[in-house]
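Secondary and tertiary structure notes
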Amino acid sequence: MRTQKILDGIWNFAFSEMEPDLGKIRFADVLSVPGCFDVAAPYFGRRGYGVYRRSVESGGLVKLAIDGIGISGKVFWDGREIGELKYAYMPEEFIFDAGKKGSHEIAVMTCNLHNKIFYPFYDFYGYGGIFGSVTLEELPELFIRRVRISTTDYRTGSVRLRIEASEKCDREILLRFDDGNPVAGMLKQGCLDAEFRVPDFRLWTPGTPNIHLLRLTLGNDEIVEEFGIREVRTDGAKLLLNGEELRLMGYNRHESHPYFGAASPLSLMTADLQFIRAQGCNFIRGSHYPQRRSFLKLCDHLGMLVWEETLGWDVKPPDLLSGEFLDQQLDQARKLTRASFNHPCIIIRGFLNETESQMPEVRPIIKALYDAIRAEDELCLITFASNKYEKDCCTDLVDIIAMNPYPGWCDADWDTVSGIQNIRPRFQRLVDSLPSDKPYMISETGGSAVYGFHDPFRARWSEEYQAKLLATAASVALNDPRYCGLAVWQFCDAKSYINGYVGGRPRGFNDKGVCDEYRRPKMAWAALRECIVKSEYLKHNGGVPVLEETDLK
Ligand code: ADA
C-alpha cells in the first residue's frame, strides 16, 4: 500500500494585505490546518494573503492533495511553485518530484481577495484559508494514476472499470473486490477498460449505503478505492434509483459556521447530516460549489444523495458571455467530475446557479457545460438551478428541470402582510408551464427567520412565518408526483456580507436557514418534519428511516 502522510495540524502562518515574496516572509504566527484564517482574531474579516508553511519528511515522486482552499492560492515546495489553486473549494492534486529523501518545506499561499471566479456580490462569505486536509503520498515510478468505477448493471452487480497507469506499458494488474480472490487484468498502453461482476454484491441505496472495496496492485503500487453499486436514471418525468421511483427531499447546505468558516470539521459535517437524515431527508444540494472529498465520503457511508456544482452565482453579461468565464467554468466542471467520479452519493452535477437562462445567447454556454460533464461521466444527471421560470429557454438542454421559486417571500408587495396564499397557485402555474417529459424539482425555496424572533401574527422574519411558508411549500412538493424533489433553502443560516445585501441580510447572515448558524432548529424544523412524516415522498425516499420524535430527545 502507498503510505499517506496527513499533514493536518499546526502550521506556521503569516498574513499580508499585499502579495508577499515567499522568501522574505517572517512567519510570526501559527494556525491550524484545516482552518480559515479570517474567522478569529487577529485576522477576523481581513482580506489579503494568508500563507501557511510547515516542514515534512519525504522525497522522490509524490502526490500532494489539498481538499479545498479559499479563495485562491498557490502551492510551493522548498520555495518552488508547484501548482495553482484557482478555484475556491475545489479538491486538487499535484504530482511532482519532491527531491532527495529528507526534510522539505511546503507552503500554501492562500488569498481571500475576490476575483472573477468568486465575485464579491455572491450571497455567501468568501472565506480564506485551507478548508480541508492536506495529504502527501510517495509514489513508485510506475503507479496507478486513476481508476473510474461505474455501475453498468445494478441487477447483476456489473461494473465498468477504467484504469490508467502512469506509463503507457503493457502489464498485468491485479484486481480484488472486497475479500474476494484477486483477478488478473492486462493493461494495454497503460490502460484497462473492462467490465467485471462484483461477487456477493449489495446495492447502494440511501437506506442501505453498502460500500464495496476495489484493491488494485500494479508492480509496487497498490491502492484501495471505495465504490457503490447503484443506477440513477430518468424515465419520463420520474427519477429512478435501481429501477424504483426516487423522490428527493433535503436541503441546500453551505460550508459555513461562525468558528470554522468553510473549514467545517468532519464531526460538524457528520452532526449536520445525521440531523438532516433523522428528519427523513435523503438529499443535499451542495450549494454553490464543489464539495470536499471528506464530505462526499461521509455522504457515501451515510446514504445521503448529493448534487454538486461549479462555483458561479448569478454572473451576468458581459462577464457571463466572455470566453474566459466559460473556460474556467468548463475547467471546474471537468475537475469536479473527475474528483468525485467514484462517489455513489453523487447523483446530480450542476453549474451556474441562477444564470441568465432566458437569453438565447446563454444556450451554448449551458450546452458546453453539459457536454463537458457528459464527456467525463456518461451516467450522472446534469442540470442547473434556474430562477427564470416560465422564461427559461434552456430546459431542453438538461436531464432534470430545477427551479428556485420563492413565492411567499420574494413576491411581496409593499402592503402585503403575508404572501403564503401565493405559494400554491405560483407553484401550480410554474409546474403547468414546464415540459412534462422530464423530472422537475424545486432546487430552492424558502423565507428568512431570525432565530428566536416570534410573532403571534406571523410577521415576516418571525419563526412562525417561515414555518408556515415552508410547510405550505413542502406539502405541495412532497405529495404531487410531478415533483421529483425539493431542496429547501437552506439548512442553516450562513454568513453573507456584513454590509447587507439588497434582499436584506440582517446580522450579515442569509437567515433562510431552518436552523441558525449554530444549528439550533427554528420552528420550521418541526413543521417540515411533520410534513415529511405524512407525505407521499416517504414511500419513495430510498429507505431512509424517519426517527421517532422520542429518539430525537
Ligand atoms: C437565490 C440563491 C441563493 C440565495 C437565495 C436567497 O435563490 O440561489 O444562493 O441567495 O437566493 O436567500 O435569496
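Summarised in this report is the structure supplied together with it. Predicted, not measured: the structure shown is a model, and the values here were computed from it.

Looking now at the nonpolar core. Of all hydrophobic cores here, the largest spans 70 residues; its most connected members are Leu248, Tyr251, Phe283, Ile348, Tyr440 and Met441. No other element matches the nine residues that helix α6 (residues 463-477) contributes to this core. Within the second largest apolar cluster, 44 residues are counted, among which are Phe124, Tyr289, Ile373 and Phe384.

So, on to the environment of Asn181. Among the structural elements, Asn181 can be located in the loop between β16 (171-177) and β17 (183-187). In the structure, Asn181 is positioned 92 residues away from Tyr89 in sequence and 39 Å away in space, judged by C-alpha atoms. If we ignore the near neighbours within four places in the chain, the residues touching Asn181 are Leu175 and Arg176.

Below, the discussion takes up the pattern of salt bridges. All chains considered together, the criterion is met by 44 salt bridges. Where Lys367 meets Asp371, a salt bridge forms, and the shortest distance between an N and an O atom there is 2.7 Å. Within this pair, Lys367 and its partner Asp371 are both found in helix α4 (residues 363-376), separated by four residues, close to a single helical turn. One connected set of salt bridges, linked through shared partners, spans Asp493, Arg507, Asp511, Glu517 and Lys522.

At a minimum axis distance of 10 Å, the contact between helix α1 (residues 266-278) and helix α2 (residues 293-302) shows a crossing angle of 35°. Crossing angle aside, the handedness with which α1 passes α2 is right-handed. Contacts between α1 and α2 involve Leu266, Met269, Thr270, Leu273, Gln274 and Arg277 from the first element and Ser294, Phe295, Leu298, Cys299 and Leu302 from the second. Of the residues belonging to the contact of α1 with α2, the class tally is seven nonpolar, three polar and one charged.

Turning next to unusual backbone geometry. Of note, the bond from Ala41 into Pro42 is cis; its omega dihedral lies within 30 degrees of zero at 0°. Along the chain, Pro42 falls in the loop between β4 (35-36) and β5 (49-58). Cis geometry is found at the peptide bond from Gly70 to Ile71, where omega equals -10°. By secondary structure assignment, the location of Ile71 is in the loop between β7 (69-70) and β8 (72-77). For Trp461, which is not glycine, the phi torsion reads 75° and is therefore positive. Structurally, the position occupied by Trp461 is in the loop between β31 (440-442) and α6. By relative accessible area, Trp461 is classed as partly exposed at 23%.

What follows concerns the side chain of Glu137. Residue position: Glu137 is located in strand β13 (residues 134-138). A polar side-chain atom of Glu137 sits 2.9 Å from a polar atom in the side chain of Arg2. Beyond its immediate chain neighbours, meaning those up to four positions away, Glu137 contacts Arg2, Thr3, Gln4, Leu61, Val62 and Lys63.

Conventions and cut-offs
Residues numbered from 1 in each chain as written. Predicted model: local features only at pLDDT ≥ 70, side-chain atom pairs only at ≥ 80, totals over all residues. Heavy atoms only, no water. Core = buried A, V, L, I, M, F, W, Y, C linked by side-chain atoms within 4.5 Å. Buried < 20%, exposed > 50% of the residue type's maximum accessible area, 1.4 Å probe, protein only. Helix = DSSP H or I, 4+ residues; strand = E, 2+ residues; numbered from the N terminus. Contact = heavy atoms within 4.5 Å. Salt bridge = Lys/Arg side-chain N within 4 Å of Asp/Glu carboxyl O. Axes fitted to C-alpha atoms, helices over the stretch in contact; angles between N-to-C directions. Left-handed = near helix turned anticlockwise from the far one by under 90°. Nonpolar A, V, L, I, M, F, W, Y, C, P; charged D, E, K, R; others polar. Polar contact = N/O pair within 3.5 Å; in protein donor to acceptor, adjacent residues only side chain to side chain.

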